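# Examination of the molecular architecture
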Amino acid sequence: MTTAVLSTFYAPKGTYDLIPPDSEAFLAVREAMAAPLERAGYGYVETPGFEHVELFFRGVGESTDIVTKEMYTLTTKGGDELALRPEGTASVLRAALQANLHRGALPVKLWYSGSYYRYERPQAGRYRHFSQVGAEALGAEDPALDAELIILAADAYRSLGLRNFRLLLNSLGDKECRPVYRAALQDFLRALDLDEDTRRRVEINPLRVLDDKRDAVQKQLTGAPMMRDHLCEGCKEYHEQVRALLTAAGVEFEDDPKLVRGLDYYTRTTFEFVHDGLGSQSAVGGGGRYDGLSEMIGGPALPSVGWALGVDRTVLALRAENIELDTASRAAVFAVPLGDEARRALFGLVTELRRSGVAADFAYGGKGLKNAMKSANRSGARYAMVAGERDLAEGVVQLKDLESGEQTPLPLDAVVAEVRERLGRA
Ligand code: AMP
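Conventions adopted
- Per chain, the residues get numbers from 1 upward, laid out in the order the sequence is written.
- Local features in this predicted model are restricted to residues whose pLDDT is 70 or higher, and side-chain atom pairs enter the listing and the counts only when it is 80 or higher, whereas totals over whole chains, interfaces and linings include all residues.
- Hydrogen atoms and water are omitted, and side-chain values are computed over all heavy atoms in the structure.
- Counting from the N terminus, the helices are the DSSP runs of H or I reaching at least four residues and the strands are the DSSP runs of E reaching at least two.
- Expected helix span is given by 1.5 Å per residue-to-residue step, counting one fewer step than there are residues.
- Under the scheme applied here, a residue whose accessible area is under 20% of the maximum for its type counts as buried, over 50% as exposed, and between as partly exposed, the area being computed with a 1.4 Å probe on protein chains only.
- Note: the arc covers the axis-to-C-beta directions of the helix.
- Any two residues whose heavy atoms approach within 4.5 Å at even a single point are treated as in contact.
- We define proximity as follows: a residue is near a molecule or strand when any one of its heavy atoms falls within 4 Å of that partner.
- Polar contact is defined as a pair of N or O atoms within 3.5 Å, subject to the rule that within protein one atom must be able to donate a hydrogen and the other to accept it, and that residues adjacent in sequence are counted only when both atoms are side-chain atoms.
- Exposure was quantified through the Shrake-Rupley algorithm and a 1.4 Å probe, taking into account, for residues, occlusion by the shown protein chains and nothing else.
- Amino acids are sorted into nonpolar (Ala, Val, Leu, Ile, Met, Phe, Trp, Tyr, Cys and Pro), charged (Asp, Glu, Lys and Arg) and polar (every other residue, Gly among them).
- Stacked, tilted and edge-to-face are the three classes assigned to paired rings of Phe, Tyr and Trp, where Trp is represented by its six-membered ring and a pair needs centres within 6.5 Å; plane angles under 30 degrees give stacked, over 60 edge-to-face, the rest tilted.
- Remark: a charge is flagged as sitting over a ring if the NZ atom of Lys or the CZ atom of Arg is within 6 Å of the ring centre and within 35 degrees of the ring normal.
- Here the bounds of each domain stem from an automatic or database domain assignment.
- Note on terminology: disulfide denotes any pair of cysteine sulfur atoms within 2.5 Å.

## Re helix α10 (residues 233-248)
- For α10, with 16 residues, the first-to-last C-alpha span of 22 Å sits near the 22 Å given by 1.5 Å per residue.
- All of the buried residues in α10 are Cys235, Tyr238, His239, Val242 and Leu246. What you see down the axis of α10 is that its buried residues fit within an arc of 95°, all on one side. Opposite the buried face of α10, at more than 90 degrees from it, the exposed residues are Glu233, Thr247 and Ala248.
- On its buried face, α10 is in contact with α6 (143-159), β7 (165-171), β9 (267-275) and β10 (283-289).
- The first or second residue beyond α10 is Gly250, which carries a positive phi of 75°.

Quick look at the structure:
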């Protein structure tokens, strides 16, 4: 086989395959993120993996790296300009507006889970295809809603056993106070010694410069005007209420006046969860309020708040904290048939066990006793269900407890009930 042929068997750069047993942690993380949302009345929404490219131009912002550099765009045979979704919020808002959900009771609370695509420089924790669980609460301006979402995310991380994460919190102001601050920040930044790219950013999106990770830039930012000193009374009061609600709920946070995040549409509450065991790609999730986004994509005024949590990075965070989730999807019973008649009988019992809710597996491939028992042990099953011709002649199967080694003959028609009882399922 030539290398050219072989290379088609490698996942594309910046992507990876989820395979057992690692994929178990991935599923468990998704479930842990979704469970608090479902308890809080968020309904599941699923949108297409691609959208009209215009949605992201308008909804994510033409000055963001995500849209200008990282979007996977394509022209269909019919001439439509589409993009693989780089994030979830714009799509979910589009779907809600399209279905007129905003004309019903507000807020509309939705959650989603899926794949996102960004043409980024791959590194540990940064991929071109990654997975997020997200939540959006559309159509209400209420600090309790911002607090609710933050609490639900913190609870999700905690329920996984994560400890070394921190919540960074900031307010980006609103359409009253942000423009005044923006101008003051631009005045400050224009006087600095910055490269051409960064100068351009000063003109298009000056807040983003605060987020520049380079030392040379950070050093010059001492004394830069901060949004928190420019918040209008309304924004200040709103932010204080969010902070108070978080404190009352026992969710710790750090005020981070430089937190701006990568997307254009945020207003007021902005937050990020970072994990201290992940190196440079430390953000495990983030979000905020986006009161102007609906109008940006052509909808009515619909003040909203939401977040997206990174599933891949949360799995890495679990690994960094040495957390083993109890994700046992293992068989409880492993059937070891000796001979054709036993194969038929045990296959029937395995099916019956599964239908009664007991995880069961079978020694496929006509293995001999020794190899089949090896498979049973390797499967992690608690019991091996063994039968040969003689057992069947007596109408029994042998149930062997793989922990104690104890073996009990059980009548064929009593096996399922006995196994269920022993597993505490009866
Ligand atoms: P964002 O939509 O950029 O706010 O991202 C929300 C979360 O998704 C981040 O905090 C990360 O955990 C995750 N995320 C974003 N981009 C990537 C990526 N390229 N690879 C892996 N995870 C990502």
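Right, picking up where we left off after that structure.
## Structural notes on the site of the ligand
- Near the ligand there are 14 residues, and of these Arg118, Glu120, Tyr127, Arg261 and Ala283 occur at the shortest range.
- The contact in question runs from an oxygen atom of the ligand to an N or O atom on the backbone of Ala283, over 2.9 Å.
- Coverage of the ligand by the protein chains reaches 92% of its 480 Å² of free accessible surface.
- Looking at the shell around the ligand, the element that brings in the most residues is β10, giving three residues.
- Its residues assigned to classes, the shell around the ligand comprises five nonpolar, four polar and five charged.

## Notes on the packing of aromatic side chains
- Within the structure shown, the criterion is met by 11 aromatic pairs.
- Ring centres 5.7 Å apart and planes at 85° place the aromatic pair Tyr72 and Tyr119 in the edge-to-face group. Separated by 47 residues along the polypeptide, Tyr72 in the loop between α4 (65-68) and β3 (73-75) and Tyr119 in the loop between β5 (108-117) and β6 (129-138) bring together distant segments of the chain.
- Judged by its relative accessible area of 26%, Tyr72 is partly exposed.
- Here the aromatic rings of Phe347 and Phe362 are separated by 5.5 Å at their centres, their planes lie at 90°, and the arrangement is edge-to-face. Taken together, the positions of Phe347 in helix α13 (residues 340-355) and Phe362 in strand β13 (residues 360-362) put the pair 15 residues apart, joining distant regions of the chain.
- Connected via pairs of aromatic rings, a cluster forms that spans Tyr157, Phe165, Phe271 and Phe273.
- The lysine or arginine in question, Arg128, covers the ring of Tyr119, its NZ or CZ lying 4.0 Å from the ring centre.

## Some remarks on unusual backbone geometry
- Here the amide bond leading from Pro20 into Pro21 is cis, since omega sits at 5°, within 30 degrees of zero.
- Take Pro21: it is sitting in the loop between α1 (3-7) and α2 (22-39).
- For the peptide bond that leads from Leu106 to Pro107, omega is 0°, which places it in the cis range.
- Among the secondary structure elements, Pro107 is positioned in the loop between α5 (89-98) and β5.
- If you check the backbone angles, Asn100 has positive phi at about 60° while not being a glycine.
- Along the chain, Asn100 turns up in the loop between α5 and β5.
- A positive phi angle, near 55°, is found at Asn322, a position not held by glycine.
- Mapped onto the elements of the fold, Asn322 is located in the loop between α12 (311-320) and β12 (333-337).

## Regarding the side chain of Thr269
- Tracing the chain through its elements places Thr269 in strand β9.
- A relative accessible area of 0% means that Thr269 is categorised as buried.
- A polar contact is formed between the side chain of Thr269 and the side chain of Asp146, at a distance of 2.7 Å.
- Contacts of Thr269, omitting those with residues within four sequence positions, involve Asp146, Ile150, Leu169, Asn170, Ser171, Tyr238, Val242, Gly287, Gly288 and Arg289.

## So, the domain arrangement of the protein
- Here the domain parsing of the protein yields domain 1 (22-177 + 231-320) and domain 2 (333-422).
- For domain 1 versus domain 2, the separation of C-alpha centres amounts to 48 Å.

## A look at the state of the cysteines
- Under the criterion given, the structure shown has zero disulfides.
- The closest cysteine sulfur to the non-disulfide-bonded Cys177 is located on Cys232, 3.6 Å from its own sulfur.
- With no disulfide of its own, Cys232 has Cys235 as its nearest cysteine by sulfur position, at a separation of 3.6 Å.
- When its relative accessible area of 22% is taken as the criterion, Cys232 is described as partly exposed.

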